[in-house]
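# Topology and contacts: notes
So the chains spell out like this:
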Amino acid sequence: QVQLVESGGGLVQPGGSLRLSCAASRDIFRINAMGWYRQPPGKQRELVAVTTIGGRTSYADSVKGRFTISRDNAKNTGYLQMNSLTPEDTAVYYCNANMELYMGARGYDYWGQGTQVTVSS
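Presented here is a report on the structure given in the accompanying data block. (Residues numbered from 1 in each chain as written. Predicted model: local features only at pLDDT ≥ 70, side-chain atom pairs only at ≥ 80, totals over all residues. Heavy atoms only, no water.)

### Section: the overall build of the protein
Check the secondary structure of the protein and you find 0 helices and 11 strands. Reading the secondary structure of the protein in the N-to-C direction produces β-β-β-β-β-β-β-β-β-β-β. For the protein, whose C-alpha radius of gyration is 14 Å, the value lies close to the compact-globule estimate of 14 Å for 121 residues. Once the C-alpha set of the protein is aligned to its principal axes, its extents read approximately 50 × 25 × 25 Å. Every one of the 121 residues in the protein was classed for burial, and the buried ones make up 42%. If you take every contact in the protein between residues at least 6 apart in sequence, the share linking residues at least 24 apart comes to 56%. A total accessible area of about 6,600 Å² is found for the protein, and carbon and sulfur atoms account for 47% of it. (Helix = DSSP H or I, 4+ residues; strand = E, 2+ residues; numbered from the N terminus. Rg over C-alpha atoms; globule rule 2.2 N^0.38 Å. Buried < 20%, exposed > 50% of the residue type's maximum accessible area, 1.4 Å probe, protein only. Contact = heavy atoms within 4.5 Å. Areas by Shrake-Rupley, 256 points an atom, 1.4 Å probe, with all protein chains shown as cover.)

And the structure:
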């Protein structure tokens, strides 16, 4: 069984930065589209950013210019660099990826377990 493992969350002051990482728990063939979502307290999960295997990216308006999604295809790892954080960015952040476990396999969507990001002074 393969999982997506996230890391990098924590407590940061307003204006600070964090970098989240997301990687498959074992070797796989490849990751296709990958995205980051977040769920603020008492609210629904929302899309933050996505990237395709070719490197195209898309962002929620609320994070444009502050967050950067990237990936290392050789390592099957994705990242979310978050700068200029505000208390409104406080949420549990989830990684989502469409992964092909081996060559020729169909891609399936997987979710990480979530990592807490808290922005507070």
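Here the narrative resumes, following the displayed structure.
### Looking at the packing of aromatic side chains
Counted by the stated rule, this structure contains 1 aromatic pair. Sitting above the plane of the Y94 ring, R45 keeps its charged end 3.7 Å from the centroid. Over the face of the ring belonging to W111 we find R45, whose NZ or CZ atom lies 4.7 Å from the ring centre. (Phe/Tyr/Trp six-rings, centres within 6.5 Å; stacked < 30°, edge-to-face > 60°. Lys NZ or Arg CZ within 6 Å of the ring centre and 35° of its normal.)

### Focus on the sheet that holds strand β3 (residues 18-24)
Taken in spatial order, the 4 strands line up as β1-β3-β8-β7 in an open sheet, and their pairing is antiparallel. The open sheet has two edge strands with one neighbour each: β1 (4-7) and β7 (67-72). Taken pair by pair, the neighbouring strands of this sheet meet at an average axis angle of 15 degrees, ignoring direction. Here β7 pairs with strand β8 (residues 77-82) via 6 bridges, running antiparallel. Paired with R71 across the bridge in β8 is G78. (Pairing = 2+ DSSP bridges. Axes fitted to C-alpha atoms, helices over the stretch in contact; angles between N-to-C directions.)

### As for the side chain of T51
Relative to the assigned elements, T51 resides in strand β5 (residues 46-51). Overall, the relative accessible area of 3% leaves T51 in the buried class. When neighbours within four sequence positions are excluded, T51 is seen to be in contact with N32, A33, M34, R56, T57, I69 and R71.

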